[in-house]
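Commentary on secondary and tertiary structure
The residues making up each chain are set out below.
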Amino acid sequence: MKKLSQLKIYAATLLVTALLISTVPKLSAQDTYQRPPEVIAKLIEAPSTPAVSIDSKAEWMLLMERPGYPSIEEVSAPELRIGGTRINPATNGRSRQNPMTGLSLKNIKTGETFVFANMPSNPAISNVSWSSDEKQVAFTHTVENGIELWVANIETKQAKKLTEAIVNNAYVSAYEWMPDGQSLIVSAIVDGRGPQPVRPRAPKGPVIQETAGAEAPSRTYQDLLENAYDEALFEYYTTVQLKKIDLNGNSTNLGQPDIIKGYDISPDGQYLLVETIQKPFSYLVPASRFPFNYEVWDSRGNRVKLLAQIPLDEVRPKGFDATRKGMRNVNWRADQPSTLYWAEANDGGDPNLDVTERDIVYMQSAPFNGQPTKLAATSLRYGGIVWGDENRAWLNEQWWANRMEKSTIIDPSRPGTPGDVIIERPTTDRYNDPGNPITVKNQYGRYVLKFDKDHVFMSSVGGSPEGDRPFLSRFNLKNQKQEILFRSEAPYYERPLEILDEKANVIMTIRESEKDPQNYFIRDLKKGSLTAITDFPHPQPEMIAVNKEIIKYQRADGVDLTAVLYTPAGYDKEKDGPLPVLMWAYPREYKSVATAAQVRGTPYSFTRVSSGSPLFWVLRGYAVMANTEFPIIGEGDKEPNDTFREQLVMNAEAAIDAVVELGVGDRNRVGVGGHSYGAFMTANLLAHSDLFAAGIARSGAYNRTLTPFGFQREERTYWEDPDLYNYMSPFMHADKVNEPLLMIHGEADNNSGTFPIQSIRFYNAIKGHGGTARLVMLPAESHGYAAKESILHMLWEMDSWLEEHVKNATTKPEGAKIDTKDR
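Residues numbered from 1 in each chain as written. Predicted model: local features only at pLDDT ≥ 70, side-chain atom pairs only at ≥ 80, totals over all residues. Heavy atoms only, no water.

**Quick notes on the overall build of the protein chain**
A count of helices and strands for the protein chain gives 11 helices and 47 strands. For 823 residues, the compact-globule estimate of 2.2 N^0.38 gives 28 Å, and the protein chain sits close to it at 28 Å. Seen through its C-alpha atoms, the protein chain measures out along the principal axes to roughly 75 × 75 × 60 Å. The buried share of the protein chain, taken over its 823 residues, is 56%. Within the protein chain, contacts between residues separated by at least 24 positions form 61% of all contacts whose residues are at least 6 apart in sequence. When the accessible surface of the protein chain is totalled, it reaches about 34,900 Å², and 48% of it is carbon and sulfur. (Helix = DSSP H or I, 4+ residues; strand = E, 2+ residues; numbered from the N terminus. Rg over C-alpha atoms; globule rule 2.2 N^0.38 Å. Buried < 20%, exposed > 50% of the residue type's maximum accessible area, 1.4 Å probe, protein only. Contact = heavy atoms within 4.5 Å. Areas by Shrake-Rupley, 256 points an atom, 1.4 Å probe, with all protein chains shown as cover.)

Encoded structure:
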C-alpha cells in the first residue's frame with residue numbers, strides 16, 4: 001500500500017508538471033544579444049594569459065597562446081549529440097573546442113624565447129604533448145575539414161606536418177607517443193570510409209526497450225543514443241584505424257578498424273592495452289558504459305590476449321560507492337617494462353555487502369599466459385596506485401559514504417602481503433591533509449614516486465585557520481612524520497610544482513598575490529633565492545585596487561563559516577555607508593561539523609574575473625560575497641539533506657548578519673545567486689525565506705522528481721523517500737517564491753539532471769502563481785556558457801536584474817522564514 005501511494009505521488013507530480021507545459025512567452029525587453037556596461041565588458045575582453053607546459057628538467061617552457069571567447073557562430077556550429085558525447089562532424093573531432101592560437105618556446109635559464117618555424121597559418125592547436133625524451137612536441141591542428149598531426153623539434157625550433165587531416169579525435173585520444181620518442185600511435189579515420197550514413201526518410205519501426213526484473217537505477221544522462229540512425233552515426237564517427245607514424249611521416253596500420261575507447265602503450269613500447277567498444281549499444285547510459293573488451297596487442301597490432309569482455313554497464317548496485325563487476329582500471333605498471341595491473345570488486349560492486357576485502361588488485365606480466373597474481377586487497381573502494389620501485393608502491397582507497405580515504409605502502413615483490421597504512425583520514429579535513437606524493441620521470445618516461453631513503457616528498461594545499469598555505473614536505477614512511485621544507489607565506493599564495501634536484505633544495509613554484517598574477521619561479525631553498533621565469537602582466541588592472549578579505553562568522557547552531565568579501569576600490573564604510581550585496585554560493589555536504597567549519601581558500605590568491613564569476617559587480621558598487629560557505633551537515637546516522645532547507649536558511653542568515661554587522665552590507669539590498677546546484681540553492685532560499693531582495697539562478701534543476709534515482713550527493717531514490725524529494729524541490733513550492741528570480745539556462749545543457757526543461761517548467765510554475773521571474777534561454781549553450789555573445793548577454797541580464805531589484809529595490813525583505821511542516 002505504501003509503495004502504491006508513493007507511485008501515486010510520483011504520478012501526480014508528473015501530471016502537475018505536464019499541465020504546466022506551455023510556450024515560454026517572448027520576453028519583454030529584446031530578442032537580440034545585449035552588451036553589459038563597459039566596466040563589465042572590458043573584463044571579458046581582457047587578453048588571456050598563455051598556458052604553460054614545462055619539461056621535467058625545467059630547461060624549456062612551452063608558451064601556448066589562448067584565444068578569447070569563441071563567437072556564437074563557432075559555438076552553434078553543427079554537432080552530433082550521441083552516446084553521451086558531442087562530435088563535430090566537419091572535423092571528426094569533439095565539438096565546442098577553443099583551440100590555442102600560438103606556440104612558442106622559452107629557454108628557462110637564459111630567458112630567450114623562440115618561435116617555431118614553419119608553423120601552420122592561422123593555428124588552431126590542441127592536444128599538445130612532449131615526447132618521452134622531451135626532444136619533440138606533438139600537437140594537433142584543426143582545419144576546416146579535419147584534424148592534422150604536427151610535431152615541433154626543440155633543438156632545431158622547426159615545426160612540420162606529419163599527417164593530413166586524418167586524425168579521429170571524436171571519442172578516443174588523438175595520439176600517444178611511443179617511448180622512444182621516434183614515432184607515435186595515431187587515431188586515424190578509416191581509409192576509404194565513405195560518406196556519413198543518411199537519415200532514413202521514414203523509420204523502419206518503433207524504438208523498443210525492455211527490462212525483465214533486474215534493478216537498474218540510472219542517473220539522468222543526456223545526449224544518449226535514441227534510435228538505429230544514432231547508432232549508425234556513432235559507429236561511423238568513432239571507428240578508428242590505429243596507425244604507427246614516424247617523425248618522417250611514414251605510416252603503418254596497427255590492427256583492424258574498431259570502435260576504440262582508449263589505448264595505452266606499455267613502458268617498453270612492446271605492447272598496447274586497447275579497449276574496444278562492443279555491441280549492443282544502450283539508449284539508457286552513455287558510451288563509457290557500453291560493452292567493451294580489454295585487449296593486449298603487440299607493437300605490430302596483433303592481438304596477443306583478450307584480457308576481459310566487460311558487459312553492458314546498465315545494472316549496477318545503488319550508491320556512490322557502487323561499481324561494476326569484473327576487471328576495471330587496467331593500467332601498465334610505471335616501474336616495469338610490461339606488467340598490467342587492475343582491480344576487481346570482491347563485493348560484486350555492492351557497497352551494502354559486509355566484506356573484509358572490498359576490492360582485490362591483480363597484476364600480470366608479459367607474455368600474459370599465466371594466472372594473474374593477487375597483489376593487494378582493499379577494505380575501501382580501490383582508488384589507484386602510484387608506483388615507486390620494486391619494493392614500494394602507494395595504494396589509494398576511499399569510501400564516499402563516510403568521506404574517508406586511506407593510503408598504504410605495499411611491497412610489489414611480496415604480492416598479497418598486507419602493507420603499512422600511512423594515511424587514514426576524512427577527505428574533507430583540509431587542516432590535516434598531508435598532501436599527495438611528488439613523482440619524477442623514470443627510465444621509461446613514466447612518473448614514479450620520488451624517494452629519499454625511507455621518505456617521499458609531499459605537496460599539500462596546506463589548509464589552516466588562516467586559509468590555505470600550500471607546503472612541500474619530506475614524509476617519513478616509517479613513522480608518518482612530516483618535515484616541512486617550504487610553506488607559502490603571506491602576502492603570497494605559492495604552490496610547489498616540481499622538485500628540480502635530488503634533495504629538494506631547488507623547486508619550481510607558481511606564485512601569486514592579491515595584486516600579482518600567477519607567475520612561475522625557481523626557488524633555491526638552501527640559498528634562499530627566488531628567480532622569476534615568467535613575467536605575465538596583470539590582465540585586468542581594473543581589479544588591482546579592489547579590496548578583498550576572508551570574513552569569519554557563525555551560524556545559529558554554532559557552526560563556523562567563512563566568505564570572501566570584496567568591496568569597491570576606495571570604499572570607506574564610514575563615509576560611503578552600507579552597500580548593496582551580491583552573495584554567491586554553492587552548497588556542499590559534510591559528515592562532520594569540525595571539517596565543515598574549516599577555513600577554505602586564501603585571501604592572497606590573485607583575482608582573475610572569469611565569465612561565471614560574481615566579481616564583476618564589485619566594479620558596479622556592490623559588496624560581493626564570493627565562495628560563501630553553505631555547508632549541509634549530517635553527522636552519524638543523519639544524512640545532510642534531512643535538514644537541507646533549514647541549514648540553507650541558517651547559512652544565509654548568518655552571512656547576511658555578518659556583512660551587515662561589519663557595516664558593509666545593507667540588509668534590505670542583498671541579492672543571492674548561484675550556478676547549477678547553486679541555482680537550486682537560490683530557488684530554495686527564495687521559496688523558504690524572505691532574506692533576499694532578489695535571486696539569480698543559472699543552469700539549475702528545480703524538480704527533483706525528474707532525477708528520481710539520486711542527485712548531487714543524495715543516494716536515496718524518490719521511491720525510498722518521496723517526502724525528501726518534495727521537501728527539497730523548489731518547484732513544489734513555487735507558490736512561495738515571492739521575490740524576483742532571474743533564471744538563465746543553456747538550451748543545449750548536457751549536464752546530468754539540469755535539463756533545460758527544468759528552468760522552463762519552474763518559470764511557468766512561478767508565473768502561474770503570480771510571482772516575478774524572468775527566463776533567459778541561451779541558444780546553443782551547454783551547462784557552462786562559451787560564446788562571447790552569450791556571456792556578454794548573460795552579464796547584461798544579471799546587471800539589469802541586480803540594478804532594478806537589489807541596488808534600487810523598492811521593497812524590504814521580511815526576514816527568515818523556515819518551512820518545516822512538509823518534512
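**Quick word on the packing of helix 7 (residues 644–661) against helix 8 (residues 677–688)**
Geometrically, a packed helix pair is captured by the angle between its two axes and the distance between the axes. Remark: helix 7 packs on helix 8, axes separated minimally by 10 Å, with the N-to-C direction vectors making an angle of 85°. Classified by the angle between their axes, helix 7 and helix 8 sit roughly perpendicular to one another. Along the contact surface, helix 7 presents Phe644, Arg645, Leu648, Val649 and Ala652, while helix 8 presents Tyr677, Phe680, Met681, Asn684, Leu685 and His688. Of the residues contributing to the contact of helix 7 with helix 8, the split by class is eight nonpolar, two polar and one charged. (Axes fitted to C-alpha atoms, helices over the stretch in contact; angles between N-to-C directions. Parallel < 35°, antiparallel > 145°, perpendicular 65-115°, else oblique. Nonpolar A, V, L, I, M, F, W, Y, C, P; charged D, E, K, R; others polar.)

**Side note on the environment of asparagine 253**
Structurally, the position occupied by asparagine 253 is in strand 15 (residues 251–265). If near-sequence neighbours (up to four positions away) are discounted, asparagine 253 is found in contact with Asp191, Gln241, Leu242, Lys243 and Arg300.

**A short note on the sheet that holds strand 34 (residues 492–499)**
Spatially, the four strands line up as an open sheet ordered 34-35-36-37, and their pairing is antiparallel. The two strands at the open ends of the sheet, each matched to only one other strand, are strand 34 and strand 37 (529–532). Taken pair by pair, the neighbouring strands of this sheet meet at an average axis angle of 30°, ignoring direction. Here seven bridges tie strand 34 to strand 35 (residues 506–513), and the two strands are oriented antiparallel to one another. By the bridge assignment for strand 35, isoleucine 499 is matched with isoleucine 507. (Pairing = 2+ DSSP bridges.)

**Here we look at the pairing of strand 24 (residues 392–399)**
Counting buried residues along strand 24, six of its eight residues qualify, which places the element largely inside the surrounding structure. The loop that links strand 23 (residues 381–389) with its antiparallel partner strand 24 comprises two residues. Bridge analysis of strand 24 against strand 25 (residues 404–410) gives seven bridges, and the strand direction is antiparallel. Looking at strand 25, one finds that asparagine 396 is bridged to serine 407. The turn joining strand 24 and strand 25, which pair antiparallel and follow one another in sequence, is formed by four residues; a positive phi near 55° is taken by arginine 403.

**A closer look at the side chain of serine 676**
As for its placement among the helices and strands, serine 676 is situated in the loop between strand 44 (665–675) and helix 8. Here histidine 783 takes part through its side chain, which lies 2.9 Å from a polar atom of the side chain of serine 676. (Polar contact = N/O pair within 3.5 Å; in protein donor to acceptor, adjacent residues only side chain to side chain.)

**Considering the side chain of lysine 450**
Mapping lysine 450 onto the fold places it in the loop between strand 29 (447–449) and strand 30 (451–452). Here lysine 450 is in contact with Ile438, Thr439, Val440, His455, Val456, Phe457, Ile499, Asp501 and Glu502, once residues within four sequence places are set aside.

**Side note on the nonpolar core**
A general tendency of soluble globular proteins is for nonpolar side chains to be buried together. Tyr553, Met625, Leu685, Phe692, Met743 and Phe762 are the most contacted members of the largest nonpolar core, which totals 61 residues. Ranked by residues supplied to this core, first place goes to helix 7 with nine residues. For phenylalanine 762, the residues in contact, after removing those within four places along its chain, are Ala683, Tyr702, Pro730, Phe731, Ala734, Val737, Leu741 and Met743. By size, the runner-up hydrophobic cluster in this structure holds 36 residues, among which are Leu43, Leu615, Ala694 and Leu795. (Core = buried A, V, L, I, M, F, W, Y, C linked by side-chain atoms within 4.5 Å.)

**Description of the pairing of strand 23**
Relative to strand 24, strand 23 is paired through seven bridges, and the arrangement is antiparallel. Within strand 24, the position partnered with tryptophan 387 by the bridge is alanine 393.

**Notes on the confidence of the model for the protein chain**
Confidence in the prediction for the protein chain averages 93 pLDDT; 95% of positions are at 70 or higher. Below a pLDDT of 50 lies the segment residues 1–27, which in the model reaches 35 contacts outside its immediate sequence neighbourhood of four places, other chains included. (pLDDT = per-residue confidence, 0-100.)

**Quick look at the sheet that holds strand 1 (residues 51–54)**
Think of a sheet as strands paired side by side through backbone hydrogen bonds, with each pair either parallel or antiparallel. Ordered in space as 1-2-6-7, the four strands form an open sheet in which the pairing is antiparallel. Each edge of the sheet is formed by a strand with only one pairing partner; in this case those strands are strand 1 and strand 7 (113–115). Averaged over all pairs of adjacent strands, the angle between strand axes in this sheet comes to 25°, irrespective of strand direction. As paired elements, strand 1 and strand 2 (residues 60–65) share four bridges and run antiparallel to each other. Looking at strand 2, one finds that isoleucine 54 is bridged to methionine 61.

**Quick look at the packing of aromatic side chains**
In this structure the tally under the stated criterion is 25 aromatic pairs. Centroid distance tyrosine 702 to phenylalanine 762: 4.7 Å. Interplanar angle 20°. Geometry classified as stacked. Placement of the pair is tyrosine 702 in the loop between strand 45 (694–698) and helix 9 (722–728) and phenylalanine 762 in helix 10 (residues 756–768), with a sequence separation of 60 residues. Take tyrosine 702: its relative accessible area is 0%, and that puts it in the buried class. Using a relative accessible area of 0% as the deciding quantity, one classes phenylalanine 762 as buried. Arranged with centres 5.2 Å apart and planes meeting at 45°, the rings of phenylalanine 709 and tryptophan 719 form a pair that is tilted. (Phe/Tyr/Trp six-rings, centres within 6.5 Å; stacked < 30°, edge-to-face > 60°.)

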